[in-house]
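# Observations on the three-dimensional arrangement
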Amino acid sequence: MARILLVDDEEPIRGFLKRGLEMDGHTVVTAVDGSDGLDRLAESAFDLMLTDIRMPLMDGIALSLAAKRDYPDLIILLMTGFADQRERARGLDAIVADVLTKPFTLADMRATVSRTLRAAGAVAAR
């Protein structure tokens, strides 16, 4: 399965999504914001990064731009509950595989991750 970096500033959401991804056999490393996410990317190789857009210090869009520059093969999924942030993400189609709109179900997130990994041929996703 995949190595996934999960970046979200809200601990309850991070924990919930991490458990859901681990149910599918993925190895999940978490980060609390974009800056922390960049540090995690430098420490280890990942197949996919799932990041919230609106976060303190460095938002998910800035993180995605930096991550794609330094790790061009990294698959990136964004998530947001804010319409204006989703609009900002529209211009990133070349580097972002998909944008999940909150609220979403755990099943929706797991299906999106699985479908995205399969489409990219990154791992033998279920």
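Counting restarts for each chain: residues are numbered from 1 in the order of the written sequence. Per-residue local features are limited, in this predicted model, to residues with pLDDT of at least 70; the limit for side-chain atom pairs, both in listing and counting, is 80 or more; totals at the level of whole chains, interfaces and linings are taken over all residues. Where side-chain values are given, they derive from all heavy atoms of the structure, hydrogens and water being excluded.

### As for the UniProt feature "modified residue: 4-aspartylphosphate" (unreviewed entry) in the protein
Quick note on the threshold: UniProt positions are given in the numbering used here, feature names are shortened, and annotations may be inferred rather than shown by experiment. A helix here means a DSSP run of H or I that spans at least four residues, while a strand means a run of E at least two residues long, and both kinds are numbered starting from the N terminus. A simple rule labels every residue: compare its accessible area, found with a 1.4 Å probe on the protein chains alone, to the largest value its type can have, and call it buried under 20%, exposed over 50%, or partly exposed in between. Any two residues having at least one pair of non-hydrogen atoms within 4.5 Å are treated as being in contact.
Mapped onto the present numbering, the UniProt feature "modified residue: 4-aspartylphosphate" (unreviewed entry) falls on Asp52. Position of Asp52 among the secondary structure elements: in strand S3 (residues 48-52). Accessibility expressed as a relative area gives 4% for Asp52, which makes it buried. With near-sequence residues (within four places) excluded, Asp52 lies in contact with Val7, Asp8, Asp9, Gly60, Met79, Thr80 and Lys102.

### As for the nonpolar core
Where we set the bar: Nonpolar cores are built from buried Ala, Val, Leu, Ile, Met, Phe, Trp, Tyr and Cys residues. Side-chain atoms within 4.5 Å join them into one set.
If you look at the biggest cluster of nonpolar residues, it comprises 18 residues, and the most contacted ones within it are Leu41 and Met49. Sorting the residues of this core by element identifies strand S1 (3-7), helix H3 (60-70) and strand S4 (75-80) as the ones contributing at least two each. Setting aside chain neighbours within four positions, we find Leu41 in contact with Leu5, Phe46, Met49, Leu63, Ala67, Tyr71 and Leu74.

### Digging into H3
Helical geometry note: an α-helix holds 3.6 residues per turn, so side chains three or four residues apart project in the same direction. Inclusion rule: Polar contacts, as counted here, are pairs of nitrogen or oxygen atoms within 3.5 Å of one another; within protein the pair requires one atom able to donate a hydrogen and one able to accept it, and residues that are adjacent in sequence qualify only if both atoms are side-chain atoms.
All of the buried residues along H3 are Gly60, Ile61, Leu63, Ser64, Ala66, Ala67 and Lys68. The opening residue of H3 is Asp59, an N-cap whose side-chain oxygen sits 3.1 Å from the backbone nitrogen of Ile61.

### Observations regarding the packing of helix H1 (residues 11-23) against helix H5 (residues 106-120)
For any two helices packed against each other, one specifies the inter-axial angle together with the distance between the axes. The test is simple: Helix axes are fitted only over the stretch in contact, all axes being lines through C-alpha atoms; the angle between N-to-C directions runs from 0 to 180 degrees. Note that the term roughly parallel is reserved for angles under 35 degrees, roughly antiparallel for angles over 145, roughly perpendicular for angles of 65 to 115, and oblique for everything else. By the definition used in this description, the sense in which the near helix is turned from the far one sets the handedness, with an anticlockwise turn below a right angle giving left-handed and a clockwise turn giving right-handed. Three classes are used: nonpolar for Ala, Val, Leu, Ile, Met, Phe, Trp, Tyr, Cys and Pro, charged for Asp, Glu, Lys and Arg, and polar for all others, with Gly counted as polar.
The interhelical angle for the contact between H1 and H5, taken along N-to-C directions, is 55°, at an axis separation of 10 Å. Taken as axis vectors, H1 and H5 run oblique relative to one another. Between H1 and H5 lies a crossing of right-handed hand. Contacts between H1 and H5 pair Phe16, Leu17, Gly20, Leu21 and Met23 from the former with Leu106, Met109, Arg110 and Val113 from the latter. Taken together, the residues that form the contact of H1 with H5 break down as seven nonpolar, one polar and one charged.

### Side note on the pairing of S1
Under the convention used in this document: A strand pair is defined by DSSP finding two or more bridges across the two strands. For a crossover, the right-handed case is the one in which the path from the first strand over the helix to the second runs clockwise, viewed with the strands pointing away from the viewer.
Burial analysis of S1 places four of its five residues in the buried class, which makes it a mostly covered element. With five bridges connecting them, S1 and strand S2 (residues 27-31) associate as parallel partners. Note that in S2 the partner of Ile4 across the bridge is Val28. Handedness of the crossover is the feature at issue here: the chain leaves S1, passes through H1, returns alongside S2, and the resulting connection is right-handed. Judged from the four bridges that link them, S1 and S3 form a sheet pairing that is parallel. Bridged to Ile4 within S3 is Leu48.

### Notes on the packing of aromatic side chains
The description of two aromatic rings rests on the distance between their centres and on the angle between their planes. Going by this rule: Here a pair means two rings of Phe, Tyr or Trp (six-membered ring of Trp) with centres within 6.5 Å. Their orientation is stacked below 30 degrees between planes, edge-to-face above 60, and tilted elsewhere. Sitting over a ring, as applied to charges here, requires NZ of Lys or CZ of Arg to be within 6 Å of the ring centre and within 35 degrees of the ring normal.
A complete count under the given rule lists zero aromatic pairs for this structure. Over the ring of Phe46 we find Arg3; its NZ or CZ atom is 4.8 Å from the centre of that ring.

### A closer look at the packing of helix H2 (residues 34-43) against H3
Between H2 and H3, the shortest axis-to-axis distance is 9 Å and the interhelical angle comes to 20°. The angle between the axes of H2 and H3 places the two elements in the roughly parallel class. The way H2 lies across H3 gives a crossing that is right-handed. Between H2, through Gly34, Gly37, Leu38 and Leu41, and H3, the contact on the second element is made entirely by Leu63, Ala66 and Ala67. Taken together, the residues of the contact of H2 with H3 sort by class into five nonpolar, two polar and no charged.

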